[in-house]
Amino acid sequence: MTNKTETNEGAVAEYVTALIGGQLFGLPISRVQDVFMPERLTRVPLSSAEIAGVLNLRGRIVTVVDMRARLGLPKNDDGKPPMAVGVDLRGESYGLLIDQIGEVLKLPDDGREENPVNLDPRMAKLAGGVHRLDGQLMVVLDVDRVLEIVPDLLAA
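A short tour of the structure in this document, coming up. If you're wondering where the values come from, they're calculated on a predicted model, not measured in any experiment.

Moving on, we come to the pattern of salt bridges. Under the defined criterion, the tally for this structure stands at eight salt bridges. The partner of D34 in a salt bridge is R58, and the shortest N-O contact between them spans 2.3 Å. One end of the pair, D34, is in strand β4 (residues 32–36); the other, R58, is in the loop between β5 (51–57) and β6 (60–66), with 24 residues separating them in the sequence. Exposure remark for R58: the relative accessible area of 65% places this residue in the exposed category. With a closest N to O distance of 3.0 Å, E113 and R132 form a salt bridge. A residue pair is termed long-range when its members are at least 10 positions apart, and E113 in strand β10 (residues 112–113) and R132 in strand β11 (residues 127–133) qualify at 19 residues. The class of E113 is partly exposed, set by a relative accessible area of 30%. A relative accessible area of 54% places R132 in the exposed class.

In C-alpha cells, the structure reads:
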C-alpha cells in the first residue's frame, strides 16, 4: 500500500488525521497499520512517562507511546477514552495514544511546507512539515522521529 497517488495536478499524499491537545496532526497512511481503543494497558515499571504501557493486540505485544507526554502537553482530563494509531518500526509494533482520530485526507505534495519557524519546538522535532488547511494547520508527524527515543526510554 502506498501513500502517494498520481493525479493530473501531480503527486498526492494521503494522511490519517488525529487530534492531540486540540492540534491537528497527519500521519502518512502508509505508516498506519490500524486504529484501536487501547484496553488493558499494563504500565512498564521504571519507564518514562512517555511510555503509557504495553498491551496485547491480536497476539502482538504493542508498546504504547503517550503522544501528549511526547509533545509535552498536560494529561487529557475530558473523560473521553483515548484512541491509538498502530504503527510499525523495524518490525516492532507501537501504538501512538491520541485524543481523537479524524478522517483520511488526500493532499497535494506541493502543498506541504517546511516547519514554520514559530512552530512549538516540541512539535517541530517530531514534524516532517505542515499543510495549511482551511483556517487550520495540520502538522505532519514523522513516525520515525516520534519513535526514535523509545528504545532509550525502555532501557531507562
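A word on the nonpolar core. Counting residues in each nonpolar core, the largest one holds 29 residues, and the members touching the most others are L27, M67, V87, L96 and L147. Residue assignment for this core shows that the elements contributing at least two residues are β2 (11–20), β3 (23–28), β7 (83–89), β8 (92–98), β11, β12 (136–141) and α3 (143–147). For this core, the leading source of residues is β7, giving four residues. Setting aside chain neighbours within four positions, we find M67 in contact with I20, L96, L97, I98, L141 and V146. L57, V64, A84 and L97 belong to the second-largest nonpolar core, a separate cluster that totals eight residues.

The rules behind these values
- Throughout this document, residue positions are counted from 1 along each chain, in the order its sequence is written.
- Local features are withheld for residues below a pLDDT of 70 in this predicted model, meaning they are given only at 70 or higher, and side-chain atom pairs are given and counted only at 80 or more; totals for whole chains, interfaces and linings count all residues.
- Hydrogen atoms and water are omitted, and side-chain values are computed over all heavy atoms in the structure.
- Each salt bridge in this description consists of a side-chain nitrogen of Lys or Arg and a carboxyl oxygen of Asp or Glu lying within 4 Å of one another.
- Helix and strand definitions here come from DSSP, where helices need a minimum of 4 consecutive H or I residues and strands a minimum of 2 consecutive E residues; each element is numbered from the N-terminal end.
- Burial status follows relative accessibility: with a 1.4 Å probe on protein chains alone, a residue under 20% of its type maximum counts as buried, one over 50% as exposed, and anything between as partly exposed.
- As used in this record, nonpolar core signifies buried Ala, Val, Leu, Ile, Met, Phe, Trp, Tyr and Cys residues forming a set joined through side-chain atoms within 4.5 Å.
- Residues count as neighbours in contact if any of their non-hydrogen atoms are within 4.5 Å of one another.

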